[in-house]
Amino acid sequence: MLENSKAYSGIGVRDVAEAQRFYGETLEQRVEVLEEEAGLLQMHLAGDRPTLLYRSPDMTPASYTVLNFPVDDVEAAVDYLSERGVSFERYDAFDQDEKGIAHGPGPTIAWFKDPSGNVISVHSQVP
């Protein structure tokens, strides 16, 4: 029944205008207002993958990564995002360098949060 449904992901945000600026300007994603009064935005990720950003003032951010951006050069992505005001997270379970990048095992990865506290990553391509 659902095998042909065009499923999509959603991310709750406390402040829709702040999310629109962060995802649209800082992360340079195409973000459109779907319904302003309802607090609904749609982010158009590469590969024709829409993601709903929705107002949820009392939301509690997930303790896991909700959005991943595979990139060719993690260090360059971290440098670029840092220049745009993004701060990178540190986790005790990972050996991270001075920029907050974990270099394996597994993909090279760095985590940051959106203004609502949702965890996002940039990581190397996974084989």
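Since the structure is predicted, the reported quantities are computational estimates derived from the model, not experimental observations.

(A) Region of the structure containing the overall build of the protein. Across its full length, the protein holds two helices and eight strands. Along the chain direction, N to C, the helices and strands of the protein fall in the order β-α-β-β-β-β-α-β-β-β. Its C-alpha radius of gyration of 15 Å places the protein within 12% of the 14 Å reference for a compact globule of 127 residues. The dimensions of the protein, computed from C-alpha atoms along their principal axes, are 45 × 35 × 25 Å. Counting across all 127 residues of the protein, residues that qualify as buried make up 39%. A sequence separation of at least 24 residues applies to 51% of the contacts in the protein between residues at least 6 apart. Of the charged side chains in the protein, 10 are positive and 22 negative, and the gap between their average positions amounts to 2 Å.

(B) Local environment of the packing of aromatic side chains. Tallying each qualifying case throughout the model produces five aromatic pairs. With a centroid separation of 6.4 Å and an interplanar angle of 55°, the aromatic rings of F22 and F112 are classed as tilted. On the criterion of sequence distance, the pair formed by F22 in helix α1 (residues 16-26) and F112 in strand β7 (residues 108-113) is long-range, its members being 90 residues apart. For the ring pair F88 and F112, a centre distance of 5.5 Å and an interplane angle of 70° mean the geometry is edge-to-face. A residue pair is termed long-range when its members are at least 10 positions apart, and F88 in the loop between α2 (74-83) and β6 (102-103) and F112 in strand β7 qualify at 24 residues. Taken as a pair, F88 and F112 share a single burial class, namely buried.

(C) Structural detail: the side chain of Q42. Within the secondary structure, Q42 is located in strand β3 (residues 40-45). Within polar-contact distance, the side chain of Q42 engages the side chain of H44 at 3.5 Å. Ignoring any residue separated from it by four or fewer positions in sequence, one finds Q42 in contact with R30, V31, E32, L34, P50 and T51.

(D) Representation of the sheet that holds strand β2 (residues 30-35). Taken in spatial order, the four strands make up an open sheet running β1-β4-β3-β2, and their pairing is mixed. Unpaired on one side and paired on the other, β1 (9-13) and β2 mark the two borders of the sheet. Averaged over all pairs of adjacent strands, the angle between their axes in this sheet comes to 30°, without regard to strand direction. Here β3 pairs with strand β4 (residues 49-55) via six bridges, running antiparallel. Each residue of the ladder has a partner; that of L41, found in β4, is L53. Together, β1, β2, β3 and β4 form the strand contacts of α1, whose direction differs from that of β2 by roughly 155°.

Thresholds, definitions, all that
Residues numbered from 1 in each chain as written. Predicted model: local features only at pLDDT ≥ 70, side-chain atom pairs only at ≥ 80, totals over all residues. Heavy atoms only, no water. Helix = DSSP H or I, 4+ residues; strand = E, 2+ residues; numbered from the N terminus. Rg over C-alpha atoms; globule rule 2.2 N^0.38 Å. Buried < 20%, exposed > 50% of the residue type's maximum accessible area, 1.4 Å probe, protein only. Contact = heavy atoms within 4.5 Å. Lys, Arg positive; Asp, Glu negative; His and termini not counted. Charge placed at Lys NZ, Arg CZ, Asp CG, Glu CD. Phe/Tyr/Trp six-rings, centres within 6.5 Å; stacked < 30°, edge-to-face > 60°. Polar contact = N/O pair within 3.5 Å; in protein donor to acceptor, adjacent residues only side chain to side chain. Pairing = 2+ DSSP bridges. Axes fitted to C-alpha atoms, helices over the stretch in contact; angles between N-to-C directions.

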